[in-house]
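# Structural overview
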Amino acid sequence: MENKTIDPKQIKGWGIDADPKNDPTYPMRDRMNVGEDPDNKHRPTQQPTHQVEKLRSIERPNISAVYGTTVPPQGLSGMIRRLAFKYSENRYRHWLPLIVADRVSVVEGILDDLVHGHVPNIYAEKGYPVEWKHNRTAFIAKMATIGLVTAGVIAILSSGKSEKKSKKKDYLSRY
Amino acid sequence: MLAMEYRGPKRVRAIQKPMPEIKHPQDAIVRVLRTCICGSDLHLYNGNVPDTRVGSTFGHEFIGEVVEVGSEVTKVKTGDRVIVPFNIACGECHFCRQGMFGNCHESNTEATAVGAIFGYSHTAGGFDGGQAEYARVPYANVGPTIIPADMDLDDAVLLTDVVPTGYQAAEMAGIQTGDTVVVFGAGPIGIMAARCAWLFGAGRVIIIDQEDYRLEFARNYSYCEAYNFREMNDPVVFIKKITDWMGADCVIDAVGAEAAGNTMQTVTGRKLLLQAGSATALHWAINSVKKGGVVSIVGVYGPTDNLIPIGNVLNKGLTIRANQASVKRLLPRLIDHVQNGIINPKGLITHRLPLEEVADGYRMFSAKLDNNIKTVLLPPTANQ
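Since the model is a prediction, treat every value here as computed from it, not as a measurement.

### Quick word on the overall build of chain A
- In terms of regular secondary structure, chain A is built from five helices and zero strands.
- Along chain A, helices (α) and strands (β) appear in the sequence α-α-α-α-α when read from the amino end.
- Expressed as a percentage of its 175 residues, the buried residues of chain A come to 30%.
- Restricting to contacts in chain A with at least 6 residues of sequence separation, those with at least 24 account for 27%.
- Taken as a whole, chain A presents about 11900 Å² of accessible surface, with 60% of it coming from carbon and sulfur.

### Looking at the overall build of chain B
- Regarding its fold elements, chain B presents 11 helices and 17 strands.
- Since a compact globule built from 384 residues should have a radius of gyration of about 21 Å, the 20 Å found for chain B is in line with a globular shape.
- By residue count, 70% of the 384 residues in chain B fall in the buried class.
- Restricting the contact set of chain B to residue pairs at least 6 apart, pairs at least 24 apart contribute 72%.

### Brief notes about the UniProt feature "transmembrane region" (unreviewed entry) in chain A
- As recorded in UniProt, the feature "transmembrane region" (unreviewed entry) lies at residues 139–159 of chain A.
- Between the first and last C-alpha atoms of residues 139–159 of chain A the distance is 30 Å; the span itself is 100% helix and 0% strand.

### A few points about the sheet that holds strand E13 (residues 248–253) of chain B
Residues and elements named next belong to chain B.
- The strand order across the open sheet formed by six strands is E12-E11-E10-E13-E14-E15, and the pairing between neighbours is parallel. Edge positions in the sheet fall to strand E12 (225–228) and strand E15 (319–322), since each has one partner strand and no second. For this sheet the average axis-to-axis angle between neighbouring strands, irrespective of direction, equals 20°.
- One ladder, built from four bridges, connects strand E11 (residues 204–209) with E12; its direction is parallel. By the bridge assignment for E12, Ile208 is matched with Tyr227.
- Packed on one face of the sheet, helix H5 (residues 212–222) meets E11 and E12 and runs near 170° to E12.
- The sheet strands contacting helix H8 (residues 280–288) are strand E10 (180–184), E13 and strand E14 (289–297), and the helix crosses E14 at an angle near 150°.

### So, the interface of chain A and chain B
- With 82 residues of chain A at the interface, the matching set in chain B holds 88 residues.
- In this assembly, chain A and chain B are joined by 11 salt bridges.
- In this structure, the salt-bridge partner of Lys54(A) is Glu110(B), at a minimum N-O distance of 2.9 Å.
- Between chain A and chain B we count 55 residue pairs in polar contact (both at pLDDT 80 or more) in total.
- The greatest single-element share of the side of chain A that touches chain B, amounting to 11 residues, is contributed by helix H2 (residues 92–115) of chain A.
- Along the lines of polarity and charge, the residues of the side of chain A that touches chain B split into 36 nonpolar, 23 polar and 23 charged.

### Some details on the pairing of strand E5 (residues 81–84) of chain B
Residue and element names in this part refer to chain B.
- Note: strand E4 (residues 62–69) against E5, four bridges, orientation antiparallel. Paired with Gly64 across the two strands is Val82, which belongs to E5.
- Examined bridge by bridge, E5 and strand E9 (residues 145–146) share two bridges and lie antiparallel to one another. Across the sheet, residue Ile83 finds its bridge partner in E9, namely Thr145.

### Considerations on the confidence of the model for chain A
- Taken over all residues, the pLDDT of chain A has a mean of 88, while the share at 70 or more is 87%.
- Mean pLDDT in chain A bottoms out at helix H5 (residues 136–174) of chain A, which sits at 77, and peaks at helix H1 (residues 75–84) of chain A, which reaches 98.

### What about the UniProt feature "domain: Alcohol dehydrogenase-like N-terminal" (unreviewed entry) in chain B?
- According to UniProt, the feature "domain: Alcohol dehydrogenase-like N-terminal" (unreviewed entry) maps to residues 25–143 of chain B in the numbering used here.
- Along residues 25–143 of chain B the backbone is 4% helical and 24% strand, and the end-to-end C-alpha distance reaches 15 Å.

### Some details on the state of the cysteines
Residues and elements named next belong to chain B.
- Going through the model one piece at a time under the given rule, you end up with zero disulfides over all chains.
- Unpaired in terms of disulfides, Cys96 finds its nearest cysteine sulfur in Cys93, a separation of 3.7 Å.
- No disulfide involves Cys224; its sulfur sits 12 Å from the nearest other cysteine sulfur, which is in Cys196.
- Assessed through its relative accessible area of 6%, Cys224 is described here as buried.

### As for the domain arrangement of chain B
Residues and elements named next belong to chain B.
- When the domains of chain B are assigned, the result is domain 1 (2–161 + 326–383) and domain 2 (163–322).
- Relative to domain 2, the C-alpha centre of domain 1 lies at a distance of 25 Å.
- If you look at the interface, domain 1 gives 33 residues, while domain 2 gives 26 residues.
- Interface of domain 1 and domain 2: buried area, both sides summed, is about 2500 Å²; carbon and sulfur atoms make up 66% of it.
- It is Leu348, Lys368 and Ile373 in domain 1 that bury the most area against domain 2; as a group they hold 23% of the surface buried on that side.
- Along the contact surface separating domain 1 from domain 2 lie one salt bridge.
- With a closest N to O distance of 2.9 Å, Arg329 and Glu171 form a salt bridge.
- At the junction of domain 1 with domain 2, the criterion picks out 13 residue pairs in polar contact (both at pLDDT 80 or more).
- Looking at the side of domain 1 that touches domain 2, the elements that each hand over two or more residues are helix H1 (41–45) and helix H10 (327–339).
- Per element, the largest residue contribution to the side of domain 1 that touches domain 2 is six residues, and it comes from H10.
- Among the residues forming the side of domain 1 that touches domain 2, the class breakdown is 15 nonpolar, 13 polar and five charged.

### With respect to helix H6 (residues 235–242) of chain B
All names here are of chain B.
- Those residues of H6 lying buried are Pro235, Val236 and Ile239. Burial along H6 is one-sided: seen end-on, the buried residues are contained in an arc of 105°.
- Each element contacted by the buried residues of H6 is listed here: E10, E11, E13 and H8.
- Where H6 begins, one side-chain oxygen reaches toward the backbone nitrogen of Val236, 2.9 Å away; that side chain belongs to Asp234.
- One or two positions beyond H6, positive phi appears at Asp244, with a value near 55°.

Basis of the calculations
- Residues numbered from 1 in each chain as written.
- Chains lettered and ligands numbered in written order.
- Predicted model: local features only at pLDDT ≥ 70, side-chain atom pairs only at ≥ 80, totals over all residues.
- Heavy atoms only, no water.
- Helix = DSSP H or I, 4+ residues; strand = E, 2+ residues; numbered from the N terminus.
- Buried < 20%, exposed > 50% of the residue type's maximum accessible area, 1.4 Å probe, protein only.
- Contact = heavy atoms within 4.5 Å.
- Areas by Shrake-Rupley, 256 points an atom, 1.4 Å probe, with all protein chains shown as cover.
- Rg over C-alpha atoms; globule rule 2.2 N^0.38 Å.
- UniProt positions renumbered as here; feature names shortened; annotations may be inferred.
- Pairing = 2+ DSSP bridges.
- Axes fitted to C-alpha atoms, helices over the stretch in contact; angles between N-to-C directions.
- Salt bridge = Lys/Arg side-chain N within 4 Å of Asp/Glu carboxyl O.
- Polar contact = N/O pair within 3.5 Å; in protein donor to acceptor, adjacent residues only side chain to side chain.
- Nonpolar A, V, L, I, M, F, W, Y, C, P; charged D, E, K, R; others polar.
- pLDDT = per-residue confidence, 0-100.
- Disulfide = S-S within 2.5 Å.
- Domains from an automatic or database assignment.
- Buried area = accessible area lost by both parts, 1.4 Å probe.
- Arc of directions from axis to C-beta.

Next up, the structure:
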């Protein structure tokens with residue numbers, strides 16, 4: 001499809017919000033120095049803080065007035081998260097352990113499913129049925145590639161093992 | 001209740017979860033009527049946002065009917081149908097009182113750099129989102145806005161994020177009458193940013209993406225020029241060439257961390273997570289804007305670092321403006337625009353799925369299947 005030149009003035013709403021003074025715009029427009037804000041210590045009503053274990057950024061002095069209560073830290077991933085929150089948002093020591101914890105929690109999630117008698121339907125959870133429906137050729141190619149790479153890695157690893165074993169056998173047979 | 005649940009990178013499902021409860025006197029519980037999958041949900045879906053815990057429910061674009069309110073809620077009541085801004089804002093802190101409702105300081109305990117966002121990891125506060133039958137909505141006196149009686153619910157749900165974020169992208173670009181505006185990314189936000197650029201008096205609007213179907217959609221919806229960066233050697237040189245070798249007056253990054261187009265950025269940012277996402281679009285934006293121009297960022301990046309040509313920002317004298325949209329501030333104006341027929345949000349919707357098929361919805365959006373632009377999820381209780 002070709003690009004066509006258009007007279008902007010024909011577009012409904014053209015220039016309706018044009019503002020030559022839009023410089024600088026928000027958030028600078030209503031900028032307020034903390035020292036000039038007589039109410040800067042004001043806080044909303046505090047949500048009770050005992051509802052759930054809440055990890056707190058050390059860049060703030062308190063728990064925010066409201067907070068989310070979903071999925072509190074638990075298990076090994078929770079231990080890693082607690083460790084991460086000993087460091088500020090300015091440090092890789094904060095963020096990298098959180099990414100590791102996220103991956104650990106995936107394994108914990110699968111174990112938790114199995115413990116509760118639920119075998120996760122990973123094929124459906126990954127949305128593969130819709131990929132099969134709308135993108136079948138590429139999907140088959142992708143799965144075949146993954147299968148080949150996986151088989152190749154297994155083959156390489158297992159041939160290494162048998163080589164080691166046979167070397168060991170040779171070594172022993174010489175004595 | 002039925003809710004979407006994250007199980008790991010690229011793995012989600014619909015599952016029964018406990019009903020949300022009032023946890024604070026200013027909380028409300030809403031029955032979700034419409035909810036969407038957002039491009040920034042893909043950062044979570046792909047496992048790229050730190051502290052995204054298995055068991056979380058995503059969804060920061062939703063509208064609902066109030067079914068319960070806390071003791072201090074006075075602005076909405078049971079039965080009201082409300083637009084729920086994606087950011088959770090107290091309306092009382094130093095930042096909210098400056099109109100920065102996307103930067104509230106009293107909603108997120110886990111991080112100070114970002115205000116709380118519904119269903120957007122514990123880095124954004126650890127709140128469950130609206131891809132569920134019911135959701136807890138904190139600060140119900142501040143965020144939720146009554147849906148006008150004559151407004152289509154499909155229009156209303158896009159006022160929670162897509163329209164305000166696209167509009168603020170254009171607003172932050174400081175567009176002056178006659179300016180040339182380039183938008184990187186023809187997803188829903190980029191398309192909306194391109195459409196809104198005209199409202200600020202742009203003289204020329206150009207959108208760049210790699211998906212032909214999205215570019216064609218943008219041409220029709222946003223009345224803009226649209227180009228595929230796969231068909232050019234270098235998008236920066238291309239933009240220089242079509243702007244008399246000066247560069248665009250304003251450039252909007254509406255892509256963020258999932259950008260394609262540069263192998264090094266893709267590998268280090270998206271595959272190895274050595275950066276806070278792939279910064280290809282931002283890199284191009286800085287290099288294709290004119291000297292003294294403005295780069296407006298609404299594409300979402302992670303909290304660590306990105307490789308961008310900051311030296312060029314200095315040498316070109318650029319202004320960079322960026323923020324999460326201040327939905328609450330913008331809603332009155334945007335509701336007017338929708339009611340006056342200036343913006344047609346529901347025109348972005350290409351797919352509707354029951355919440356039960358949320359895994360398919362994410363895959364479809366992520367893999368850009370079936371010419372997908374915007375998917376609305378309908379919880380089973382939405383039609384009660």
